[in-house]
Amino acid sequence: MTDANTRPPRDAFGYLCPLDTRWSDNDLYGHVNNVTYYSYFDSTINRYLIERGGLDIHQGDVIAYVVSSGCEYFEAAAYPDSLAVGMRVDKLGNSSVRYGLAVFGAEGAAKALGHVVHVFVNRESGRPVPIPEPLRKALEKLA
């Protein structure tokens, strides 16, 4: 586990997505279950790609597959916390992108730090394709 001095601040992320925890996010221990953080990451990424990059998740020729992900946890979140998920682009390739993500509470340092790698593919073939220009431009703003 990383110590508090290495937790990234909010301003290390170019996009912040507000997120309210749900009752069902808590596990038997009374805090947000670890797998739920991946759902938070996925929702934040896709919201950005849809709203800022024009990704058409229903009928577009290009979609994105998650090929890698990970998360370090520093402190627990629990319902009814209001959170924010920070997103940045750590690496932008021809057909792939590595996002850096962090979960923040109302104040203080990150509660969790994660990453997700997307590969953009042709919907029908499932084969990698170059990131479409509108998406690339949106992602470059977070690099």
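Residues numbered from 1 in each chain as written. Predicted model: local features only at pLDDT ≥ 70, side-chain atom pairs only at ≥ 80, totals over all residues. Heavy atoms only, no water.

Using the following cut-off: UniProt positions are given in the numbering used here, feature names are shortened, and annotations may be inferred rather than shown by experiment.
The name recorded for the protein in an unreviewed UniProt entry is Acyl-CoA thioester hydrolase, from Alcanivorax xiamenensis. On record in UniProt, under Sequence similarities (unreviewed entry), the comment for the protein is "Belongs to the 4-hydroxybenzoyl-CoA thioesterase family."

## Overview of helix H1 (residues 34-53)
In an α-helix, one turn spans 3.6 residues; hence positions three or four apart end up facing the same way. The condition is simple: By the criteria applied, helices consist of DSSP H or I runs no shorter than four residues and strands consist of E runs no shorter than two, each listed in order from the N terminus. Here a helix's expected span is defined as the number of its residues, less one, multiplied by 1.5 Å. A simple rule labels every residue: compare its accessible area, found with a 1.4 Å probe on the protein chains alone, to the largest value its type can have, and call it buried under 20%, exposed over 50%, or partly exposed in between.
Compared with the 28 Å implied by 1.5 Å per residue over 20 residues, the 28 Å span of H1 between its first and last C-alpha is a close match. Within H1 the residues assigned to the buried category are Thr36, Tyr37, Tyr40, Phe41, Thr44, Ile45, Tyr48, Leu49 and Gly53. Remark: Gly54 follows H1 within two positions and exhibits a positive phi of approximately 75°.

## Some words on the sheet that holds strand E4 (residues 96-104)
Selection rule: Any two strands with at least two DSSP-identified bridges between them are counted as paired. Axis definition: a line fit to C-alpha positions, over the contact stretch in the case of helices; interaxial angles, taken between N-to-C directions, run 0 to 180 degrees.
With antiparallel pairing, five strands are arranged side by side in an open sheet as E1-E3-E4-E5-E2. Of all strands in the sheet, those with a lone pairing partner are strand E1 (15-20) and strand E2 (62-73), marking the two edges. For this sheet, the mean inter-axis angle between neighbouring strands, taken without regard to orientation, is 25°. Bridge count between E2 and strand E5 (residues 112-122): eleven bridges; the pairing is antiparallel. Bridge pairing links Gly70 to His115 in E5.

## Quick word on the pattern of salt bridges
Once their charged atoms are close, side chains differing in charge can pair, the charge on each being opposite to the other. Which entries qualify depends on this criterion: The rule for a salt bridge is simple: a side-chain nitrogen of Lys or Arg has to be within 4 Å of a carboxyl oxygen of Asp or Glu.
Summed over the entire model, instances satisfying the criterion amount to five salt bridges. For the salt bridge of Arg7 with Glu75, the shortest nitrogen-to-oxygen distance reads 2.8 Å. With Arg7 in the segment before E1 and Glu75 in the loop between E2 and strand E3 (82-92), this residue pair connects regions lying 68 residues apart in the sequence. Taking the relative accessible area as the measure of exposure, Arg7 reaches 15% and is therefore buried. By relative accessible area, which is 38% here, Glu75 ends up partly exposed. The salt bridge partner of Asp25 is Arg22, with a shortest N-O separation of 2.7 Å. Judged by relative accessible area, which is 48%, Arg22 ranks as partly exposed. Through salt bridges with shared partners, one network takes in Arg7, Glu75 and Lys111.

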